[in-house]
Amino acid sequence: MTRPFPKDFLFGAATAAYQIEGAAFEDGRTASIWDEFSRVPGAVIGGDNGDVACDHYHRYPQDVALMKELGLQTYRFSTSWSRVRPDGGAVNEKGVDFYKRLVDELLGAGILPWLTLYHWDMPQALQEVGGWTSRDTVDRFVEYAGTMHDALGDRVNVWTTLNEPWCASFLSYTGGEHAPGHTSIAEGLLASHHLLLAHGATVRELRSRDASLNLGITLNHTVADPADPRNPADVDAARRVDGQFNRWFLDPIYRAEYPADIVEDVRAVDAEAVRRFEEAVHDGDLATIAQPIDTQGVNYYHGDLVAGQVPETAPPSGGPATTRPGRSPYPSDAGIHSVERGLPRTAQNWEVQPEGLTRLLHRVWDEYAQPAGTVLYMTENGAAYDDVVASDGQVHDADRAEFLRLHLGAVLDAAEAGVDVRGYFYWSLFDNYEWAWGYDKRFGIVRVDYDTQQRTVKDSGREYARIIAARAL
Ligand code: PNW
């Protein structure tokens, strides 16, 4: 029995500027926080950086041809702020032109461009005056968004303001794992608020320019389950993971409020940080953040089984083993312990838990998106595996093909039960620069040989192409 996808369901794949473009200092682009952070000793495995990456900046015509060959209907990419407005300052026409050429190439191939304005590569010059901890950065971001709309508003309909503000705030300013690599609770809180404010202000600005645009944001989610649902400490651990990871962003966007339980949890840990955060939330900010959106992107990789006490068997770490000191990305992290449940794991030790995705989609739809009239798309889902190139020159990645089928099935389960989820983007089209893991972890359905820049469609890519052609599982 084959299971058909809904008629208007869109199949795509996703990338991000810093992870694939390379050409880091060409045509007027200046440093971003990732150019800087990747050079900090011990911050990234292997000391890797995005100077060359997949050289997509020069190879985009062949790359778009490959997308067409796979049958992708849509392509999710991000634009580089420091290419378009180097140092966050004046417009750089050469940088803007790259995105015009890319979009024209996509449209020529019949592929819908799905543009994300911020996938973590803030100009380093703006970081030096506070980055996302500074309210001024919000205005700089809206200017940059306006530049992109001036250039592409006639050709791009779908605009995503931010990718995963949780990573851009707490993983970056509190956990220290991502650029700028800070470990401050106050900075994480301030960054999250200014990112959300930048989102809302951008939606307001673009909406006022053109009411026909499809505007939204992409959030990364987890599904937190208590190890023992009858143990109050485990239930509380799950509440706090959910609150800090999911509700901290969902509640302001859809309900114009921050989750009060989490504010109080964090106050108990660092009252001064919460005082600064509350001072940074001005009258009217929450109304700005809660602008109606057309689309919410859902990114899902895995869930979390958590306990209130240290478990007998701790699971392997799901974080990159860099040599820099970090801290938990959760401002209130006491009493949150991951528990092993024997699920299969990817090469990053991330659990493979497709049923969590079905539950997540139901939850986001029922509690947030449906009441707001917002439609859902899966904007990221994928897996790193230790690929090998076989003697026939191919990559027989049966594990990734299975991961893809299982998660597409989980999306279909939700869609068939009434969740309005209208598309799926596999992460990622290419092997690419996997942030603090460097080039060590490969997510692509297309292999990239970093010596020759040769692209090879993996078995998982062929499988995806078959599913897209059949529009059924
Ligand atoms: C997402 N975490 O990152 C990003 O949007 C992609 O750029 C990235 O390549 C992909 O997922 C795979 O990692 C995340 O620690 C990075 O929870 C880290 C986390 C979550 C998402």
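Within every chain, residues take consecutive numbers counted from 1 along the sequence as written. Owing to the predicted nature of the model, reporting of local features is limited to residues with pLDDT of at least 70; listing and counting of side-chain atom pairs is limited to 80 or more, with chain, interface and lining totals taken over all residues. Values reported for side chains reflect all heavy atoms of the structure, with hydrogen atoms and water molecules removed beforehand.

The name an unreviewed UniProt entry gives the protein is Beta-glucosidase A, with Microbacterium hydrocarbonoxydans as the organism. UniProt positions are given in the numbering used here, feature names are shortened, and annotations may be inferred rather than shown by experiment. Within the UniProt record for the protein, the comment given under Sequence similarities (unreviewed entry) is "Belongs to the glycosyl hydrolase 1 family."

To continue, consider empty space enclosed by the protein. Computed over the protein atoms alone on a 1 Å grid, cavities are sets of points where a 1.4 Å probe fits but cannot get out and pockets are open sets with protein on both sides within 12 Å along at least five of seven lines; a residue lines them when it has an atom within 4 Å of a point. Grid points are joined across faces, edges and corners, and a volume is the space filled by probe spheres set on the points. Counting across every chain of the model gives 5 cavities of 30 Å³ or more. There is about 50 Å³ of room inside the largest cavity. In this structure, the largest cavity is lined by Ala17, Tyr18, Glu21, Gly22, Ala24, Arg29, Gly50, Ser80, Arg83 and Asp121. When the residues that make up the lining of the largest cavity are grouped by side-chain class, the tally is 3 nonpolar, 3 polar and 4 charged. The space that makes up the second largest cavity amounts to roughly 40 Å³. Along the walls of the second largest cavity sit Ile33, Trp34, Tyr118, Trp120, Trp132, Ala168, Ser172, Tyr173, His178 and Ala179, which together make up its complete lining. Only DSSP runs of H or I covering at least 4 residues are called helices, and only runs of E covering at least 2 are called strands; the numbering of each starts at the N terminus. At 3 residues, the largest contribution of residues to the lining of the second largest cavity is made by helix H8 (residues 165-174). When the residues that make up the lining of the second largest cavity are grouped by side-chain class, the tally is 8 nonpolar, 2 polar and no charged. When residues are sorted by character, Ala, Val, Leu, Ile, Met, Phe, Trp, Tyr, Cys and Pro go into the nonpolar class, Asp, Glu, Lys and Arg into the charged class, and all the rest, Gly among them, into the polar class.

Taken together, 3 strands build an open sheet; the order of strands is S6-S8-S9 and the sheet is mixed. At either margin of the open sheet sits one strand with a lone partner, and together these are strand S6 (224-226) and strand S9 (337-338). Relative to S9, strand S8 (residues 304-307) is paired through 2 bridges, and the arrangement is antiparallel. Note on S9: the bridge partner recorded for Ala307 is His337. Two strands are counted as paired when DSSP detects at least two bridges linking them.

With that out of the way, let us pick up the sheet that holds strand S5 (residues 214-221). Pairing in this closed barrel of 8 strands is parallel, and the strands run S1-S2-S3-S4-S5-S7-S10-S11 around the ring. Each neighbouring strand pair of the sheet contributes to a mean axis angle of 25°, computed without reference to strand direction. Pairing geometry for S5 and strand S7 (residues 295-300), over 6 bridges, is parallel. Note that in S7 the partner of Gly216 across the bridge is Thr295. Each of strand S3 (112-118) and strand S4 (158-163) is contacted by helix H7 (residues 136-152), which is oriented at about 160° to S3, the strand it contacts most. Between two residues, a contact is recorded if the distance between any of their heavy atoms is within 4.5 Å. Think of each axis as a best-fit line through the C-alpha atoms, taken over the contacting stretch in the case of a helix, with angles from 0 to 180 degrees between the N-to-C directions. On top of the sheet, helix H10 (residues 232-255) reaches S5 and S7; it is set at about 160° to S5, its chief contact.

We define proximity as follows: a residue is near a molecule or strand when any one of its heavy atoms falls within 4 Å of that partner. Every one of the 15 residues lining the ligand counts as a neighbour, but Gln19, His119, Glu380, Glu434 and Trp435 are closest to it. Throughout this description, a polar contact denotes any pair of N or O atoms lying within 3.5 Å of each other; where both atoms belong to protein, one of them has to be capable of donating a hydrogen while the other can accept it, and for residues adjacent in sequence the pair is counted only when both atoms sit in side chains. The contact in question runs from an oxygen atom of the ligand to an N or O atom on the side chain of Glu380, over 2.8 Å. Between Trp427 and the ligand, the recorded distance is 3.1 Å, taken from a side-chain N or O atom to an oxygen atom. Summarising the interface, the protein chains cover 91% of the accessible area of the ligand, which totals 450 Å² for the free molecule. Classifying every residue of the shell around the ligand by side-chain character gives 9 nonpolar, 3 polar and 3 charged. Throughout, the Shrake-Rupley method with a 1.4 Å probe supplies accessible areas, and for residues the shown protein chains are the sole cover considered.

In this section: the side chain of His221. By the secondary structure assignment, His221 is in strand S5. Accessible area is worked out with a 1.4 Å probe on protein chains only. A residue is then buried under 20% of its type maximum, exposed over 50%, and partly exposed in between. For His221, a relative accessible area of 4% corresponds to the buried category. At 3.0 Å, the side chain of His221 forms a polar contact with the side chain of Asn246. Residue contacts for His221: discarding those within four places in its chain leaves Phe245, Asn246, Leu250, Gln296, Val298, Asn299, Tyr300, His302, Leu360 and Val364.

Our next topic: the nonpolar core. Only buried residues count toward a nonpolar core, which is a set of Ala, Val, Leu, Ile, Met, Phe, Trp, Tyr and Cys residues joined through side-chain atoms within 4.5 Å. Residues Trp34, Tyr118, Trp132, Trp159, Leu361, Leu429 and Tyr464 are the most contacted members of the largest nonpolar core, which totals 133 residues. Contact partners of Leu429, with chain neighbours within four places excluded, come to Ala13, Ala14, Thr15, Met67, Leu70, Leu72, Tyr75, Gly444, Ile445 and Val446. Counting 13 residues, the second-largest nonpolar core is a separate cluster that includes Ala16, Trp114, Tyr301 and Phe425.

For the rest of this paragraph, the subject is the pattern of salt bridges. Opposite charge on two side chains permits pairing when their charged atoms draw close. For this document, the term salt bridge refers to a Lys or Arg side-chain nitrogen within 4 Å of an Asp or Glu carboxyl oxygen. One pass over the structure, following the stated rule, counts 44 salt bridges. Note that Arg76 and Glu380 form a salt bridge whose closest N and O atoms lie 3.0 Å from each other. With Arg76 in strand S2 (residues 74-78) and Glu380 in strand S10 (residues 375-380), the pair connects residues that are 304 residues apart, well separated along the chain. Comparing Arg76 with Glu380, the two get one shared label, buried. The residue Arg442 makes a salt bridge to Asp431 at a minimum N-O spacing of 2.5 Å. A residue pair is termed long-range when its members are at least 10 positions apart, and Arg442 in the loop between strand S11 (421-427) and strand S12 (446-448) and Asp431 in the loop between S11 and S12 qualify at 11 residues. Classification of Asp431 by relative accessible area gives buried; the value is 0%. One network of salt bridges, in which partners are shared, links Asp236, Arg239, Arg240, Asp242, Arg247, Asp261, Asp265, Arg363 and Glu367.

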